[in-house]
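Okay, here's what each chain looks like letter by letter:
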Amino acid sequence: MKRTIVVAGALLLGAGAVMAQQEIAVQQDNLMRSQAKSLYDVIQKMSKGNIPYNQKQVDQALAALEADVAKIEKTFEVNPKQDVVNATYGASQKVWQNKADFDSKIPPVQKAIADAKVHNVATLKAAYTRINDRCNDCHETYRVKLK
């Protein structure tokens, strides 16, 4: 009887740990998706003329990016050791193997966002290129394509 209770308890703890790890992976994925929405669904599409230029939307997207980028270091403190189920991209284990380098990629993105002085499509295109290039500096090493 005691063995059954111990085994059941261990299984519940294990299941809880797996769910906690998945929750961390989901938080990380959601943060990256939020940034992608601002950068690609708003800024990139406007800079390419796919959607009309709208200064208010640009300002909101830049503010959201600034807030989200500030959360990266904290959000990626814990290695969930698994990817989000059915995700297209995930974090490489290199993030936690070389955390200092990963974290060093954040300030250049923050600077590119802070330096973005956007008031028309031309300045939006330039800001998009600078911000996206800094994002890609990290993605080249620390993002993996899952499918």
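Residues numbered from 1 in each chain as written. Predicted model: local features only at pLDDT ≥ 70, side-chain atom pairs only at ≥ 80, totals over all residues. Heavy atoms only, no water.

Caption draft 1: Up close: the pattern of salt bridges. All chains considered together, the criterion is met by six salt bridges. With a shortest N-O distance of 2.6 Å, D29 and R33 are connected by a salt bridge. Within this pair, D29 and its partner R33 are both found in helix α1 (residues 2-47), separated by four residues, close to a single helical turn. Judged by relative accessible area, D29 falls into the buried class, the value being 14%. Taking relative accessible area as the criterion, R33 reaches 48% and is therefore assigned partly exposed. (Salt bridge = Lys/Arg side-chain N within 4 Å of Asp/Glu carboxyl O. Helix = DSSP H or I, 4+ residues; strand = E, 2+ residues; numbered from the N terminus. Buried < 20%, exposed > 50% of the residue type's maximum accessible area, 1.4 Å probe, protein only.)

Caption draft 2: Geometry of the nonpolar core. Counting 28 residues, the largest nonpolar core has L39, I43, L62, I72, F102, V118 and I131 as its most contacted members. Elements with a contribution of two residues or more to this core: α1, α2 (55-69), α4 (94-97), α6 (106-114) and α7 (121-142). The dominant element in this core, judged by the number of residues it contributes, is α7, at seven residues. Not counting chain neighbours up to four residues away, the residues in contact with V118 comprise Y53, Q55, V58, L62, T123, L124 and A127. (Core = buried A, V, L, I, M, F, W, Y, C linked by side-chain atoms within 4.5 Å. Contact = heavy atoms within 4.5 Å.)

Limitation: the analysis is restricted to geometry and does not speak to function.
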